[in-house]
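Observations on the model geometry
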Amino acid sequence: MIHQIDINYPKGSEVTMTLAEVLRKEGYEDGIEKGREEGIEKGETKALAKTVMKLLTKKFGVLSADYREKIGQLDAITLEMIIDEIWDGDSLVTIERAFI
C-alpha cells in the first residue's frame with residue numbers, strides 16, 4: 001500500500017511514512033506504559049503478601065512453606081482483606097477458611 005502511494009503520490013508517501021512512524025511509536029510507548037503499570041502492580045502485591053506473612057507469623061507463629069506459597073499467589077484485594085481481618089481472627093484456620 002505504501003509503495004502504491006509512493007508511486008501515485010510521491011509527496012503523500014512522506015505523510016504516510018510519518019503517520020506509520022507515529023502509530024508505531026504510540027504502540028511502542030503504550031506497551032512500555034502497560035509494562036510499567038503491570039510491574040508496579042506486581043510489586044505492590046508482593047509487598048502486601050510479605051506484610052500478610054509477617055502479621056500472621058507475629059500473631060499465630062511460624063507459617064508452613066505451603067501456606068506461604070498460597071499467600072504468595074493471592075491477589076492484592078484478597079491480601080488487603082486479610083490484613084484487615086488478621087486482628088479479628090481467632091486462629092490461622094479462620095483466616096484460611098475465609099480467604100485462602
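See the structure printed just above.
Note that the coordinates shown come from a computational prediction; the quantities given were computed from them, not determined experimentally.

Once that is clear, we can look at the pattern of salt bridges. Counted under the stated rule, the structure contains two salt bridges. When the shortest N-O distance is used, the salt bridge between D66 and K70 registers 3.7 Å. One end of the pair, D66, and the other, K70, are both in helix α3 (residues 65-72), four residues apart, so they sit about a helical turn from each other. Given a relative accessible area of 47%, D66 falls into the partly exposed group.

Because the α-helix completes a turn every 3.6 residues, residues three or four places apart line up on one side. What helix α4 (residues 76-85) keeps buried is the set T78, L79 and I82. An end-on view of α4 places all buried positions within 100° of arc, on one side of the element. Turned more than 90 degrees away from the buried face of α4 sit I77 and D84, all of them exposed.

Rules of the game
- Residues numbered from 1 in each chain as written.
- Predicted model: local features only at pLDDT ≥ 70, side-chain atom pairs only at ≥ 80, totals over all residues.
- Heavy atoms only, no water.
- Salt bridge = Lys/Arg side-chain N within 4 Å of Asp/Glu carboxyl O.
- Helix = DSSP H or I, 4+ residues; strand = E, 2+ residues; numbered from the N terminus.
- Buried < 20%, exposed > 50% of the residue type's maximum accessible area, 1.4 Å probe, protein only.
- Arc of directions from axis to C-beta.

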